[in-house]
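Results of the structural survey
So you can see what is in the structure, the chains are spelled out below.
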Amino acid sequence: MISESPSLFGWSISEPRPAGMESFFEQYTASVTFYGSSKTALRDGLAGLVDPGENVLLPAYLPDAVVEPFHELGLEARYYRLEEHLAPDLVDVERRIDEETAAIMSVNYFGFPQPGLREFTALVDEYDCYHIDDNAHAPLSVDNGTLLGTRGDIGVTSLWKLLPIPNGAILYCNDDAIAEAFEPSSLAGIDDQFRLADYRFICKSLLSDLLDRNAAVRQSVDDFVAGQSAGSVGPYARYENGKGSMSRLSAYVVDDADPISIRATRRDNYRAWRRVFDGRSNADVLYESLPPGICPQVFPVRTSTPQRLLAELEACGVGGAHTWPRLPGVVRDNSTYDVATRLAREIVVLPVHQDLDSSSIDAVGERLEW
């Protein structure tokens, strides 16, 4: 079965470690601060740069909780429109800028560089705003020699979206003056010891591996969890629950990970899905090419019948495929953001994580009737 989360147990404390990921990041930037979540990192990074009552602009095609660090800082969050190919609608961006606009966010979706970035950056510079480079999806993506996440004044990336860890994120301060003035909060850094949550995460991973070997039991548990999650907590609670420093377990796995191998495997799996969807007229692949240095987070396709595709994938044993993201209500309920709403409804993301083998994806392609 192809599952969403890679297995935790690809390492051993007694085994020798390859060059870790921290040394990889330090090839591209001198400013690396670890956090438990990218939202907390974003909050800390902006704290000394903005004042309550100012506003920040961000794309409408984003999960609902992304605005929470801005709200905590007393900022107004304004959403701007996107083009169908995920580039910012620059006319709409400029229309929303005023004298109180402190920062504007770009996003590297699914591990790929933000389209239209040059024009976007020129506009941000023209209005003398801070540029936030949201790179939550692409910790290992390098575009023409530049690590994604380091092209704005500040940037964030999410390590837990790349690795099987309970939490983990990075804040980049890419401007020298900002880096010098940056004052991390108590939430920055790495926990100094293993906590109960680390051991719970290990037990959960063991249980997940066990259930993956028994499809009937897995389905029963998934049905139970879905029922318990019907009234799931809102974006503010999710943001608050994610606050904390990077766990000791996460730090160990990050230090043990081989970034070059991870990126190569994810690229192989992306190409495998590309073969699966080649020639299928009922889906459009968002990124036809896979440029050198890019480490995809997922394989995104767009279709007018997403639920049918998801059902077919599930029948082929593919777990973890889903539409993305859960939009904020102010976007869903506003026809101004019709493009973002359509994208969230029609884009299906498929797993490419490093625990997969490309041959298993090829096998799915042979069975997929959709």
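Relevant structure appears above.
Rules used in this analysis
- Residues numbered from 1 in each chain as written.
- Predicted model: local features only at pLDDT ≥ 70, side-chain atom pairs only at ≥ 80, totals over all residues.
- Heavy atoms only, no water.
- Helix = DSSP H or I, 4+ residues; strand = E, 2+ residues; numbered from the N terminus.
- Buried < 20%, exposed > 50% of the residue type's maximum accessible area, 1.4 Å probe, protein only.
- Contact = heavy atoms within 4.5 Å.
- Areas by Shrake-Rupley, 256 points an atom, 1.4 Å probe, with all protein chains shown as cover.
- 1 Å grid on protein atoms, 1.4 Å probe; cavity = no way out; pocket = protein on both sides within 12 Å on 5 of 7 lines; lining within 4 Å.
- Points joined across faces, edges and corners; volume = space filled by probe spheres on them.
- Nonpolar A, V, L, I, M, F, W, Y, C, P; charged D, E, K, R; others polar.
- Salt bridge = Lys/Arg side-chain N within 4 Å of Asp/Glu carboxyl O.
- Phe/Tyr/Trp six-rings, centres within 6.5 Å; stacked < 30°, edge-to-face > 60°.

Check the secondary structure of the chain and you find 15 helices and 13 strands. In the chain, which comprises 370 residues, the proportion classed as buried is 51%. Counting only contacts in the chain whose residues sit at least 6 apart along the sequence, the fraction spanning at least 24 positions is 74%. When the accessible area of the chain is evaluated, it comes to approximately 16,900 Å², of which 49% is carbon and sulfur surface.

Using the criterion set out here, one finds one cavity of 30 Å³ or more in the structure. Taken as a whole, the largest cavity spans an internal volume of roughly 40 Å³. Sort the elements by how many residues they give to the lining of the largest cavity and helix α14 (residues 338-346) lands first, with three residues. Among the residues forming the lining of the largest cavity, the class breakdown is seven nonpolar, one polar and two charged.

Counted under the stated rule, the structure contains 22 salt bridges. Measuring nitrogen to oxygen at the nearest pair gives 2.8 Å for the salt bridge that ties Asp92 to Arg95. Of the two residues, Asp92 and Arg95 both sit in helix α4 (residues 90-96), three residues apart, roughly one turn of that helix. Arg95 sits in the exposed class, given a relative accessible area of 56%. Between Arg96 and Asp92 there is a salt bridge, and its shortest N-O distance comes to 2.8 Å. Remark: Asp92 and Arg96 occur in helix α4; sequence separation between them is four residues, near one turn of the helix. Assigned by exposure class, Arg96 and Asp92 land together as buried.

Turning our attention to the packing of aromatic side chains. The full count for this structure, using the stated rule, is 14 aromatic pairs. One aromatic cluster in this structure is built from Phe112, Tyr270, Trp273, Phe277, Tyr287 and Phe299.

Keep in mind that these numbers describe shape and distance, not what the molecule does.
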